[in-house]
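Architecture and fold: a report
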Amino acid sequence: MNLSAWIDLQGLFVEIPLIVPFTPERWTLPSIAATCEALTSAIPTILILAQGVAGETICIQKSNSTILEPSYTQPRFSVKIFMFCIAGIIMASLIAFILLRWTSIVTLADAAEMNVHEK
């Protein structure tokens, strides 16, 4: 994980105790936010691990010789494909936010919350 992602995640955990007293949900909303924040780094990490290590050196012996020659491995997919996958994740997030903003999904969630509080 790079330094900016680590600072972002740690900043969220520092802010949570300050936010909790002012939210009606108490710890429910901040814990969901922290879980979502942690999961957002999971998909890119899995993609990076699936790509493999490019440039790993493997020594191959030349024919009829004792001299070893370096051979470099290739990644499983290119950087272009990785960036398209990341762009797809960002587009899916954008579509989700647009749906939340301009559809009645949020009002359905509010109705469910009201039923929980009434019981």
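Residues numbered from 1 in each chain as written. Predicted model: local features only at pLDDT ≥ 70, side-chain atom pairs only at ≥ 80, totals over all residues. Heavy atoms only, no water.

**Some details on the overall build of the protein**
Spelled out, the test is: Put simply, DSSP marks the helices as runs of H or I at least four residues long and the strands as runs of E at least two long, and each gets a number from the N terminus on. Residues count as neighbours in contact if any of their non-hydrogen atoms are within 4.5 Å of one another. In short, Shrake-Rupley with a 1.4 Å probe defines the accessible areas, and a residue's cover is counted only from the protein chains shown.
Along the protein, the regular secondary structure elements total five helices and two strands. The helix and strand sequence of the protein, counted from the amino end, reads α-α-α-β-β-α-α. Excluding contacts between residues fewer than 6 apart, the proportion of contacts in the protein whose partners are at least 24 apart in sequence is 39%. Split by element, the accessible area of the protein, about 9900 Å² in all, is 70% carbon and sulfur.

**Points about the UniProt feature "transmembrane region" (unreviewed entry) in the protein**
We apply this condition: UniProt positions are given in the numbering used here, feature names are shortened, and annotations may be inferred rather than shown by experiment.
Taking the UniProt record as the reference, the feature "transmembrane region" (unreviewed entry) is found at residues 81-100. Annotated as residues 81-100, this span is 100% helix and 0% strand, and its ends, taken at the C-alpha atoms, are 29 Å apart.

**A look at the confidence of the model for the protein**
Let me state the cut-off plainly: In predicted models, pLDDT denotes the confidence assigned by the predictor to each residue on a 0 to 100 scale.
Overall, the prediction assigns the protein a mean pLDDT of 75, with 78% of residues at 70 or greater. Confidence scores differ between elements of the protein, with helix 5 (residues 105-118) showing the lowest mean pLDDT of 59 and helix 4 (residues 79-102) the highest of 86.

**Things to note about the environment of Leu47**
By secondary structure assignment, the location of Leu47 is in helix 3 (residues 42-51). Put simply, Leu47 and Phe82 are 35 residues apart on the chain and 7.3 Å apart in space, counted from C-alpha to C-alpha. Once residues lying within four places of it in the same chain are set aside, the contact partners of Leu47 are Phe77, Phe82, Cys85, Ile86 and Ile89.

**A few points about the pattern of salt bridges**
Here the idea is simple: oppositely charged side chains can pair when their charged atoms come close. Spelled out, the test is: Definition used for salt bridges: Asp or Glu carboxyl oxygen within 4 Å of a side-chain nitrogen of Lys or Arg. Throughout, exposure labels follow a simple rule: accessible area from a 1.4 Å probe, protein chains only, divided by the maximum for the residue type, with under 20% read as buried, over 50% as exposed, and the rest as partly exposed.
In this structure the tally under the stated criterion is one salt bridge. Put simply, Lys62 and Glu69 hold a salt bridge, and the shortest N to O gap is 3.6 Å. Since its relative accessible area comes to 40%, Lys62 is described here as partly exposed.

**Some remarks on the pairing of strand 1 (residues 57-61)**
Applied cut-off: Strands pair, by our definition, only if DSSP identifies at least two bridges between them.
Inspection of the sheet shows strand 1 paired to strand 2 (residues 68-72) by five bridges, in the antiparallel sense. Note on strand 2: the bridge partner recorded for Ile60 is Glu69. The turn joining strand 1 and strand 2, which pair antiparallel and follow one another in sequence, is formed by six residues; a positive phi near 55 degrees is taken by Asn64.

**Topic: a nonpolar patch on the surface**
What counts, and what does not: Like-charged residues are merged into a patch within 9 Å and nonpolar side chains (Val, Leu, Ile, Met, Phe, Trp, Tyr) within 5 Å, provided each residue has over 30% relative accessible area and no salt bridge.
The grouping of Ile95, Phe97, Leu99, Leu100 and Ile105 at the surface amounts to a nonpolar patch, some 490 Å² of accessible area in total. In terms of residue count, the dominant contributor to the nonpolar patch is helix 4 (four residues). Within the secondary structure layout, Ile105 lies in helix 5. Among the residues examined, Ile105 registers a relative accessible area of 43% and is labelled partly exposed.

**As for the packing of helix 3 against helix 4**
Operational definition: Convention adopted: a line fitted to C-alpha atoms gives each axis, helices being fitted over their contacting stretch, and angles between N-to-C directions are expressed from 0 to 180 degrees. Roughly parallel covers angles under 35 degrees, roughly antiparallel covers those over 145, roughly perpendicular covers 65 to 115, and oblique covers all other angles. We call a crossing left-handed when the near helix sits turned anticlockwise from the far one by less than a right angle, and right-handed when that turn is clockwise.
At a closest axis distance of 11 Å, the pairing of helix 3 and helix 4 adopts a crossing angle of 165 degrees. Our classification of the angle between helix 3 and helix 4 gives roughly antiparallel. Considering how the two elements wind past one another, helix 3 and helix 4 form a crossing that is right-handed. Where helix 3 approaches helix 4, its residues Ile43, Pro44, Leu47, Ile48 and Gln51 are matched on the opposing element by Val79, Phe82, Cys85, Ile86 and Ile89.

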